[in-house]
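# Overview (structure and organization)
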Amino acid sequence: MRTRSLAAAAALAGLAAAACTTGLATAATSSGGAAAPPASQFTAGRVTNEWFPLKPGTRMVYKGVKDGKHLRDVFYPTHKTRKIQGVICRAVHDQGFLNGVLAERTTDWYAQNKNGDVWYFGERTAELDRHGNVTSREGSWLAGRNGARPGVYITAHPKVGQARRQEYYKGHAEDHFKVISTSAHLTVPMLSSHHAVETKEWSPLEPGVLDHKFYVRDLGVVSEQSVKGPREGARLVSVTHVR
C-alpha cells in the first residue's frame, strides 16, 4: 500500500524540523545509502518476512482518504518475478482508486535477503486521468539505472531506533523510515493489535510531510496515516487469497 504516491509518484513522506531529521539523515546521507548484498544472498523471489510477507495470490484492500476523496487501494503480490541487478524480485501490483476511479497503477519489485530483510528494487508507476490516460510516470525507478539503488523496505527484526533508506533515485525517489515502536496499539476493521511495529516515513523531497505506518506480524502493512502535511491515510479492510 502506497497511499502517498497517489497525488504524485514522487510524493514521498518528508520531515521538516531539523530536530526530527538529525541522526536519521545521517543514517543514509551517502549517495544511495548501504550497498545491497550480492545476488547470491537473496532468496530467488520468495519474500517471507513476517512483517511484510508477499505471498502470491494474496489480495489486500485498504480504504481511506486522499486529496479529499475516498480512497480504495488494492495491493496484491503476483506470481511474476523480474531479475534486477542479478536478483530475482517479486512483482507486486498496487491500484489506487479515488471516488471509484482508477487514479494510479503501480508495479513494485521486492526481494528478501537470506537474513530476512526485504529490499526494494524499483517501481513502475503511472498516474491516470478520469478517462484512463496516463498523465505522469514520475517516480518510476529501477535499481541499476541512472544511478538508482535499492534500499531496505523493512528489516527482519525491527527495533526501536532502526533507520534505513528505502529507495534511492536522486530527486525522484528518496524514502526513509525509522522504527518508533514495536508494541504499538491500533484497531482497524480487520483486527486489533497491541504489538504492531510503528514506523515514521519521510523524504527530503517533501519537507513538512510525515507518515506513520503500522505493520502486524504475518499480515504486513495494516494502516498508514499522515501526521504532518496533507491529510491522507488508509486502513486494511479485507484480505483474500486466490490462486
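Structural notes, computed from the coordinates.

For the rest of this paragraph, the subject is unusual backbone geometry. Positive phi, normally seen in glycine, also occurs at alanine 44, with a value near 55°. Looking at the element boundaries, alanine 44 is found in the loop between helix H1 (18-21) and strand E1 (58-66).

The subject of this paragraph is a positive patch on the surface. A contiguous patch of positive charge on the surface is contributed by Lys80, Arg105, Arg124 and Arg137. Residue position: lysine 80 is located in strand E2 (residues 69-84). Residue lysine 80 is classed as exposed on the basis of its relative accessible area, which comes to 56%.

Our focus in this paragraph is the pairing of strand E12 (residues 191-202). Burial of E12 is extensive: nine of the twelve residues sit out of reach of the surface. Pairing geometry for strand E11 (residues 176-188) and E12, over nine bridges, is antiparallel. Considered in E12, the bridge of phenylalanine 177 is made with glutamate 201. Between E11 and E12, which pair antiparallel in sequence order, lie two residues. Pairing between E12 and strand E13 (residues 210-216): five bridges, direction antiparallel. When the sheet's bridge partners are listed, valine 197 is paired in E13 with tyrosine 215.

Relative to the elements of secondary structure, glycine 147 occurs in the loop between strand E7 (141-142) and strand E8 (149-154). For the pair glycine 147 and tyrosine 168, spaced 21 residues apart in sequence, the C-alpha separation works out to 8.3 Å.

Okay, the nonpolar core next. If you look at the biggest cluster of nonpolar residues, it comprises 47 residues, and the most contacted ones within it are Phe52, Tyr110, Phe121, Tyr153 and Tyr215. Dropping the residues within four chain positions of it, phenylalanine 52 is found in contact with Val47, Phe75, Tyr110, Val118, Tyr153, Ile154, Tyr215, Gly220 and Val221.

Before going further, it helps to spend a moment on the environment of glycine 96. With respect to the helices and strands, glycine 96 occurs in strand E3 (residues 87-98). Using a relative accessible area of 2% as the deciding quantity, one classes glycine 96 as buried. Sequence separation between glycine 96 and phenylalanine 75 is 21 residues; the distance between their C-alpha atoms is 8.8 Å.

All chains considered together, the criterion is met by three salt bridges. Here glutamate 50 ties to arginine 217 by a salt bridge, and the two come within 2.7 Å at their closest N and O atoms. One end of the pair, glutamate 50, is in the loop between H1 and E1; the other, arginine 217, is in the loop between E13 and strand E14 (220-228), and 167 residues separate them in sequence. Using a relative accessible area of 43% as the deciding quantity, one classes arginine 217 as partly exposed.

A few words now on the pairing of E2. Note: E1 against E2, seven bridges, orientation antiparallel. Note on E2: the bridge partner recorded for valine 61 is valine 74. What sits between the antiparallel neighbours E1 and E2 is a turn of two residues, in which aspartate 67 has the positive phi angle 55°. Of the pairings in the sheet, the one linking E2 to E3 comprises eleven bridges and is antiparallel in character. Within E3, the position partnered with arginine 72 by the bridge is phenylalanine 97.

As a further point, take the packing of aromatic side chains. On inspection of all chains with the given rule, the structure shows nine aromatic pairs. With a centroid separation of 6.5 Å and an interplanar angle of 75°, the aromatic rings of phenylalanine 42 and tryptophan 119 are classed as edge-to-face. One end of the pair, phenylalanine 42, is in the loop between H1 and E1; the other, tryptophan 119, is in strand E5 (residues 118-128), and 77 residues separate them in sequence. Residue phenylalanine 42 shares its accessibility class with tryptophan 119, and that shared class is buried. With a centroid separation of 5.0 Å and an interplanar angle of 20°, the aromatic rings of tyrosine 110 and tyrosine 120 are classed as stacked. Of this pair, tyrosine 110 sits in strand E4 (residues 101-112) while tyrosine 120 sits in strand E5, and the two are ten residues apart along the sequence. Summarising the burial analysis for this pair, tyrosine 110 and tyrosine 120 share the class buried. Each residue in the set Phe52, Phe75, Tyr110, Tyr120, Trp141 and Tyr153 is aromatic and connected to the rest through ring pairs, giving one cluster. Here arginine 72 stacks its cationic end above the ring of phenylalanine 97, 5.7 Å away from the centre of that ring. Taking the ring centre of tryptophan 109 as reference, the NZ or CZ of arginine 82 above it sits at 5.0 Å.

Conventions adopted
- Residues numbered from 1 in each chain as written.
- Predicted model: local features only at pLDDT ≥ 70, side-chain atom pairs only at ≥ 80, totals over all residues.
- Heavy atoms only, no water.
- Helix = DSSP H or I, 4+ residues; strand = E, 2+ residues; numbered from the N terminus.
- Patch = residues over 30% accessible without salt bridge, like charges linked within 9 Å, V, L, I, M, F, W, Y side chains within 5 Å.
- Areas by Shrake-Rupley, 256 points an atom, 1.4 Å probe, with all protein chains shown as cover.
- Salt bridge = Lys/Arg side-chain N within 4 Å of Asp/Glu carboxyl O.
- Lys, Arg positive; Asp, Glu negative; His and termini not counted.
- Charge placed at Lys NZ, Arg CZ, Asp CG, Glu CD.
- Buried < 20%, exposed > 50% of the residue type's maximum accessible area, 1.4 Å probe, protein only.
- Pairing = 2+ DSSP bridges.
- Core = buried A, V, L, I, M, F, W, Y, C linked by side-chain atoms within 4.5 Å.
- Contact = heavy atoms within 4.5 Å.
- Phe/Tyr/Trp six-rings, centres within 6.5 Å; stacked < 30°, edge-to-face > 60°.
- Lys NZ or Arg CZ within 6 Å of the ring centre and 35° of its normal.

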